[in-house]
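Spelled out from the first residue to the last, the chains are:
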Amino acid sequence: MSNVTKKVRTIKIDLDKCNGCRACEMICSASHANPKYSSNNPERSRIRLIRHPIKDVYLPVYAGEYAGAECAGRDKYVIDGKEYDECAFCRASCPSRTLFKEPDSGLPLKCDMCEGEDEPLCVKWCINDALVCEEREEEAEEAEEVKPGDMEMGLESLADKYGLQKIMETVARMSKKG
Amino acid sequence: MRYAETGFHLEIDLSRGSIERVESDPKLTTLYLGGLGTNARIVWDRVPPETEPFSPDNLLIFGTGLLCGTPAPGANRTIVTTYSPQTLLMAYSMMGGFWAPELKYAGYDKVIFRGKSPKLIYLWIHNDKVEIRDAAHLHGKGAVETQELIRQELKEPNAQVAAIGLAGENRVYTASIEHGRSSASRLGIGAVMGDKGIKAVAVRGTKDLHLARPEEFMKLCNEVMHYIKAREDKPIPGVMPILAGLGSPQEMLHIDEKWHTENFSWGNSRVRRKDFWTKEVEEKWKESQLGARTRLISCYNCPMKCGAIISLPGMSTYMMKCFTKLTYTMAAFVDDLDFGFRIAGRATEYGVDGFSTPQIMAFAFELKEAGILTDKDFAGCPSDNEGKFYWLLDRIVRREGIGDVLANGTHWAAKQIGKGAEAYAHNNIKKHEQLPLKLGMLNPVYFLMYCTGEKANITQIEGQFPQAPFLTMEEREDFVKDWIHVPDEKFKQYLLDWEIRGERSNPNYPTVDMSAEIVDWQEMMHYIDDALGMCAGLSSFPLKPPYHIHNLPHFISAATGLDIDEAGLTQVYNRNRNLIRAINIRRGLKRADEKPPEDHWRKRFPELEEKLLDRYYEFKGWNHDGIPTRETLRALDLGDVAEDLGRRGIITNE
C-alpha cells in the first residue's frame, strides 16, 4: 500500500486567552442541531468548557472517543498552582461523567471538526483566539480509514448497555411496525 | 411551538411553599417582547400600587430577555423587577452572566416569586424538577461563597446561582443580588429578595432552545461577530479610552484613570482633585491592578472581557467589573487602589451596590465632621480612612447602631437623623444615590436623561450619541461617515453642528427639540435591550455598537417568527416606556421628582430646564405633569392602563 499526504486539522487551545464565554459550546450545539441551527443547547456540545472562575480554571475540552467503561486513571494535575480534576484533560465520553452525552438519550457525542466548514465553528466564534485551528500535513496509508459516525458510536454504546442481540431484535421489531 | 422563548414561567408562592409551571400568553410577547417589558406587564396586572415593597404581595420577578440563550452574542441579561424599598417606585435592575440562558435551557422564561418564606430558603431548578430547599446553613454566608456552597451541595458544578449576602438578608436598601461576575445591584432588589426569605436561586438546564428561522438568524449573528472584531480593531478617536471601544466601560483592562479620578468627585461627592493622577500614582495603581487581576472574563456568549477575577493574598477570590474599583477608593479619600480591590471584595460578599454604598459611608462621615452625627454614633470606629470605611460597612450590613439608620440609604437616613442632615444627602435622584459627578455647564440631553430615566441611573439610559462635541469639523465629519446607527439622518447634522463654544453649544444646543429626540433615541435602545436581554455594552451604551435599530428587528423576527419591522419595534419600545411610566405614576411619581441633584452642574438655567421637560413630556405624549394621556396609551394598546389611571383620578378629562 502506498503512502499519501493528508491534511490534518488540529486545534491549538490557549487557556490563558479564554474569557469563559462558552460561545464555543453554543455554536457547536447549534450547528449540530437538525435542521442545522434550529436549536441550541450547550449540553449537546462536543466542546465543553471546564470552568471554575474562583480557581481560575478555564479549560475547553473536545469530545473524543466513546469509552464503554471508565478507566483506572485517578490523576490530578497541578499547573501554575491550579488543580485540575482527574478527568479534566480527557476527551472520552465515558460512564464516569456526564460530559459529551446527548442529554435525553445519553448517547455519546464526538467532535467531527465541523467537516464541510472552512474551519471548526468553535474556532470561528472564538475571536479571543483561545481556540485556533492549525492544519498540518501528515503521511498516511492510502486505504480509506473508516471513521465511526454518530450513529455507529451511539449503537456501540447501546450495544454495551443492552447487548448486540437485543438491539438487533429491537430493530427488527421496529422495522416490522414501520 | 414557541421560538426564542420557552413559553413557561415558574410561579413560586413562598408563603404556601407551592411551585407551579404556567404557560405564558404568547400575546404578551407580541406586545412587550420579554424581559423588562413582560415583567412590567406582570407588575401592572398583579401588584396593586398600594403594595409596600416588603409586603408578601410584592412580586420579585427574575425575567430573561427574549433573545437570551439564542446564539445572538451578548444576549444574556436577567432583568429583576419589584418595587424598590428605596425609591418606592418600580425597580428594575439587571445582571449579565450565565443565569438567564441557563433558565431558558431549563425550560422557563421567568421565575416569579410571591409571598414570604417563614424561614431562609433557596430555590433549585433542575429542568422539570424544582425544589424549595432549606437554607438555614447559609445564614450570613457571603454572596460569592453561597454560590459555591450551593454548587457543592448539589454536586452540580455547572449550576448557575444568583445569591444575596448578609446585606440582603438584613434588608439593607442598597443590597444587591450577586451572580458570578455580575450583579443586579441598583434600587435595593436584594433587600426584597432577603425580605422574602430567598437566599439564592440555583438553575441547571439541559434542554433545547429553538429558533424560528435559523439560517437567517445565524447570518445576522455572524455579521455581528464580524462587526465586533472590526470595531475592536478601530477604537473611536477623540473620546476617552473607556468610551472608545465596545463593552461596558473597560475598567478592568485600562489602568489610566486620570479622567475618573480628576473629573469625578471624591468623598461625599464633593471635591475634585485636579492634580491627582501623577506618574507615581499611575505606577502604583498599575501594580495594584495587575497584581489583583488574574484573568479578564466575560458573560455568556460574548467575546468582550468586561469583568475580571480578583485574587489578593489573605482574602477570598471574587469577580469585578466596571466602576466599583474606584467608588470605595474615592469615597474614602484613599489614594491606594489596593484598598479599592480589597474593600470591594468584602462588599461583594456582603452583597451591596458599589455605587450607593460608598456614598452612604462618605455621607455619614461628613455628618460626623459637621457634628450632626456624634462620636457616640461611631464608638469603636478607627480613625484612618481605610479602617473607618471597613468598620462602617460592617455596621451597615448588620444594621448595628448607626448602621441601621444608614442601611436605608442617604435619603431616608437623612430624614431620620434630621438636624439638617438632608442637605448632605445631596447627590440623589428619586431618593437614589448617583454617580459622584459634578460638572460646570448644563448639558441639555443629559439634563433630560437624569430627570426622566425611570431606572434612576444614568449609565442605563445614555449611549449612542457622543457625550460632548468633537473639537474640529474634520473629526465630526469623520465620525458621522460610518454612523449607520442613527434612526434618522438628521442626528448626523445635530452632531456636525454641535460646538464646544458659541451659539451652538451647551446649554442651548442641541436645542430643546433636538434634545428630546436624542434622548428618545438613547432610551429607545435601552428599552429594546432590556426587553431582549441584550447587554447594553454591545448595543445601547457604546458609540457605534454592533446592534442598532436597523438590525434588531431582523434578529427578533428571525428568532421568534414574529414579523416586526423598525416601526413595529419602535411601537413596542413606546409601549414598554409608557407602561413603566404608568406604573410609576400610579405609585406617585411626580414632575417635581424629575430633577438632577441640585449641584450636578454649577451653571443652571431654570427657564430652559422647564422648557426641556415640557418638550420632552409633549414629545412623549404626556401631559404637563408627565402623565401619559389617554390618547397616547390607547394608541399603544394600553387602553386598559388608561382606564385604570382614569378610575383612580390620575388621568382626568383633558
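Residues numbered from 1 in each chain as written. Chains lettered and ligands numbered in written order. Predicted model: local features only at pLDDT ≥ 70, side-chain atom pairs only at ≥ 80, totals over all residues. Heavy atoms only, no water.

Novice: What should I look at first to understand the sheet that holds strand β14 (residues 293–297) of chain B in this one?
Specialist: In a beta sheet, neighbouring strands are held together by backbone hydrogen bonds and run either parallel or antiparallel to one another. All names here are of chain B. Strand order in this open sheet of three strands is β14-β15-β16, and the pairing throughout is antiparallel. Each edge of the sheet is formed by a strand with only one pairing partner; in this case those strands are β14 and β16 (318–321). Direction aside, neighbouring strands of the sheet carry axes that sit 30° apart on average. Here four bridges tie strand β15 (residues 307–310) to β16, and the two strands are oriented antiparallel to one another. Opposite A308, over in β16, you have M320 as the bridge partner. Along the sheet, helix α10 (residues 279–292) contacts β14 and β15; its crossing angle with β14, the most-contacted strand, is approximately 70°. Relative to β16, helix α12 (residues 337–350) is tilted by about 110°, and along the sheet it contacts β15 and β16. (Pairing = 2+ DSSP bridges. Helix = DSSP H or I, 4+ residues; strand = E, 2+ residues; numbered from the N terminus. Axes fitted to C-alpha atoms, helices over the stretch in contact; angles between N-to-C directions. Contact = heavy atoms within 4.5 Å.)

Novice: Would you explain the packing of aromatic side chains in this entry?
Specialist: In this description, an aromatic ring pair is defined by two values, namely the gap between the centres and the angle between the planes. Residue and element names in this part refer to chain B. Under the criterion given, the structure shown has 33 aromatic pairs over all chains. Their ring planes at 35° and their centres at 5.3 Å tell us that F365 and F378 sit as a pair that is tilted. You can see F365 sitting in helix α13 (residues 356–369) and its partner F378 sitting in the loop between α13 and α14 (385–398), a full 13 residues away along the chain. The class for F378 is buried, based on a relative accessible area of 4%. A ring pair is formed by F465 and W483, whose centres lie 5.8 Å apart and whose planes are at 45°; its orientation type is tilted. (Phe/Tyr/Trp six-rings, centres within 6.5 Å; stacked < 30°, edge-to-face > 60°. Buried < 20%, exposed > 50% of the residue type's maximum accessible area, 1.4 Å probe, protein only.)

Novice: Help me understand the domain arrangement of chain B in this model?
Specialist: Often, the extent of an interface is quoted as the loss of accessible area upon association of its parts. All names here are of chain B. What the domain assignment reports for chain B is domain 1 (8–204) and domain 2 (240–427). Between the C-alpha centres of domain 1 and domain 2 the distance comes to 26 Å. Contact residues are listed per partner, giving 36 residues for domain 1 and 30 residues for domain 2. When the two sides are added together, the surface that domain 1 and domain 2 hide from each other amounts to roughly 2,600 Å², 55% of it contributed by carbon and sulfur. Among the residues of domain 1 in contact with domain 2, V144, T174 and R181 are the three that bury the most area, contributing 27% of the side total. (Domains from an automatic or database assignment. Buried area = accessible area lost by both parts, 1.4 Å probe.)

Novice: Explain the sheet that holds strand β2 (residues 18–23) of chain B here, please?
Specialist: Residues and elements named next belong to chain B. Strands sit in the order β2-β1-β6-β3-β4-β5 across an open sheet of six strands; the sheet is mixed. Each edge of the open sheet is held by one strand with a lone partner, namely β2 and β5 (90–95). The sheet shows a mean angle of 20° between the axes of neighbouring strands, taken without regard to direction. The pairing of strand β3 (residues 60–64) with strand β4 (residues 78–83) spans four bridges and is classified as antiparallel.

Novice: In this structure, what is going on with the packing of helix α22 (residues 566–586) of chain B against helix α23 (residues 606–620) of chain B? I would like to understand it.
Specialist: Each pair of packed helices can be described by the angle between their axes along with the distance between the axes. Residues and elements named next belong to chain B. One way to put it is that α22 packs onto α23 with a least axis distance of 12 Å and a crossing angle of 120°. With respect to their mutual orientation, α22 and α23 come out oblique. When α22 is examined against α23, the residues Y573, R577, N578 and R581 are found in contact with a partner set consisting of Y616, Y617 and K620. Split by residue class, the contact of α22 with α23 holds three nonpolar, one polar and three charged. (Parallel < 35°, antiparallel > 145°, perpendicular 65-115°, else oblique. Nonpolar A, V, L, I, M, F, W, Y, C, P; charged D, E, K, R; others polar.)

Novice: Honestly, the nonpolar core in this entry has me stumped. Any pointers?
Specialist: In summary, soluble globular proteins display a tendency toward joint burial of nonpolar side chains. Counting residues in hydrophobic clusters, the biggest one holds 214 residues, and the most contacted among them are F62(B), V111(B), F113(B), I125(B), F217(B) and L392(B). Ranked by the residues each element gives to this core, the list is headed by helix α20 (residues 512–532) of chain B, at 11 residues. In contact with F113(B), not counting residues within four places along its chain, are I12(B), L14(B), N58(B), L59(B), L60(B), F62(B), L123(B), K196(B), I198(B) and V201(B). Counting residues in each nonpolar core, the second largest holds 17 residues, with I11(A), Y58(A), Y62(A) and I297(B) among its members. (Core = buried A, V, L, I, M, F, W, Y, C linked by side-chain atoms within 4.5 Å.)

Novice: For this particular structure, what's the right way to read the pairing of strand β1 (residues 8–13) of chain B?
Specialist: Both faces of the sheet carry side chains from a regular strand, because those side chains alternate between them. Residue and element names in this part refer to chain B. Among the six residues that make up β1, six are buried, leaving the element largely enclosed by the rest of the structure. Across six bridges, the pairing between β1 and β2 is antiparallel. Following the sheet pairing, D13 is matched in β2 by S18. Across five bridges, β1 lies against strand β6 (residues 110–114) in parallel orientation. Within β6, the residue paired with H9 across the bridge is K110.

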